[in-house]
Structure formats: structure tokens, C-alpha cells
Amino acid sequence: MIKVHSPVEVEAEPSGGWQITLWAGTAFDYSTPFRSMLAEIAHFIEPEAALELPPIQEHEDFIEGRIHVGDLSLRTYYEYALGYLAIMGDSEHDLSLLLTKLEPHIALVNDL
């Protein structure tokens, strides 16, 4: 279960396209398991989905990656500075379908 402290929805991305933002941590909490969350998300989308992230580094921040599902490639980003993870794509429809698959695995909590 992925715990978030703000409702999750598909929103217009400031630089163009669409995004799902998961506010899943608190600022500078390096124990927030963003990498394992992304692995779970990739599996929830499609068990054969491929997650692409750079090698892990101590105190990493502002990390970009990708989730590949068939011909679909979604951008990912997480940062510890603000405690959030984002999944971005060009199609609002694709991200809405993704969110439908994720919703059963997301819990809105107040105790982060």
C-alpha cells in the first residue's frame, strides 16, 4: 500500500503534458521509499513493466526515471526536498487509466 497525505489526481503538468503527483513523504526525509514505491507502481500498471532509474546514491535527490509498458514510456521524478513522487506523460487518458489501476493501492493518511 502506498501512503500519501494528499488526494491523488491527474493534473496538467506546468511544462506541458499531464502528471500524477503522490505526496508520500515529508521534506528531506531520506527514509521515504520512493524507489520501492516506483517499483510497486510499475508492477501495478503491468507486471512486465520496466522501471528505469539511475544508480542509487547516498542522499540522492531530484531523481528522474522512466516506466516502460509496451510502447508507452512514462517519465518519473521524485525529490526528497519536498517529499513527492510524480509520474508524467503526454496523454491525460493514459494517466487516467494508470490512476484507475493505482487507486486500490493508495491510502490517504494524515500521519506522515
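Below is a summary of the structure that appears in this document. For clarity, every value in this text was computed on a predicted model and none was experimentally measured.

### Considering the sheet that holds strand S6 (residues 72-79)
- The strand order across the open sheet built from six strands is S2-S3-S7-S6-S5-S4, with neighbouring strands paired in antiparallel fashion. Looking at strand neighbours, the two that pair on one side only are strand S2 (10-12) and strand S4 (50-52), the edges of this open sheet. Neighbour-to-neighbour, the strand axes of the sheet open up by a mean angle of 30°, direction not taken into account.
- As defined by bridge partners, S6 adjoins strand S7 (residues 84-89) across five bridges and the pair is classed as antiparallel. Following the sheet pairing, Arg 75 is matched in S7 by Met 88.
- Sheet strands in contact with helix H2 (residues 92-102) are S2, strand S3 (18-23), S6 and S7, and its direction is about 30° off that of S3.

### Brief notes about helix H1 (residues 34-45)
- A rise of 1.5 Å per residue sets the reference length of H1, with its twelve residues, at 16 Å; its end C-alpha atoms lie 16 Å apart and thus fit the reference within 8%.
- Within H1 the residues assigned to the buried category are Phe 34, Arg 35, Met 37, Leu 38, Ile 41, Ala 42 and Ile 45. Projection of H1 onto a plane perpendicular to its axis shows the buried side chains occupying an angular sector of 160°, all on one side.
- Here the buried face of H1 lies against strand S1 (2-4), S4, strand S5 (63-69), S6, S7 and H2.

### With respect to H2
- For H2, the set of buried residues is Leu 95, Leu 98, Leu 99 and Leu 102. All buried residues of H2 project into a common sector of 100° when viewed along the axis, lining one side. Pointing more than 90 degrees away from the buried face of H2 are the exposed residues His 93 and Thr 100.
- Of the surrounding elements, those touching the buried residues of H2 are S2, S3, H1, S6, S7 and strand S8 (106-108).
- Put simply, Ser 91 is the residue that caps the front of H2, since its side-chain oxygen is 3.3 Å from the backbone nitrogen of His 93.

### A few points about the packing of aromatic side chains
- Applying the stated rule across the entire model yields six aromatic pairs.
- In this structure an aromatic cluster arises from ring pairing among Tyr 30, Phe 34, Tyr 78 and Tyr 80.

Basis of the calculations
Within every chain, residues take consecutive numbers counted from 1 along the sequence as written. Thresholds applied to this predicted model are a pLDDT of at least 70 for local features of residues and 80 or more for the giving and counting of side-chain atom pairs; totals over whole chains, interfaces and linings are not thresholded and use all residues. For the side-chain quantities, the full set of heavy atoms in the structure was used; hydrogens and water were omitted. Pairing between strands is defined by DSSP: at least two bridges between them are needed. In this description a helix means any DSSP run of H or I spanning at least four residues, a strand means any run of E spanning at least two, and both kinds are numbered starting from the N terminus. Axis definition: a line fitted to C-alpha atoms, over the contacting stretch in the case of helices. Angles run 0 to 180 degrees between N-to-C directions. Only heavy atoms matter for contacts: two residues are in contact if any of them lie within 4.5 Å across the pair. For a helix, the expected span equals 1.5 Å multiplied by the number of residues minus one. Buried, partly exposed and exposed residues are distinguished by accessible area as a fraction of the type maximum, computed with a 1.4 Å probe on protein chains only: under 20%, between the cut-offs, and over 50%, respectively. This arc is taken over the directions from the axis of the helix to the C-beta atoms. Here a polar contact is recorded for every N or O atom pair within 3.5 Å, except that within protein the pair must consist of a potential hydrogen donor and a potential acceptor, and residues adjacent in sequence are included only if both atoms are side-chain atoms. Each Phe, Tyr or Trp ring, with Trp reduced to its six-membered ring, pairs with another whose centre is within 6.5 Å; inter-plane angles below 30 degrees give stacked pairs, above 60 give edge-to-face pairs, and intermediate values give tilted ones.

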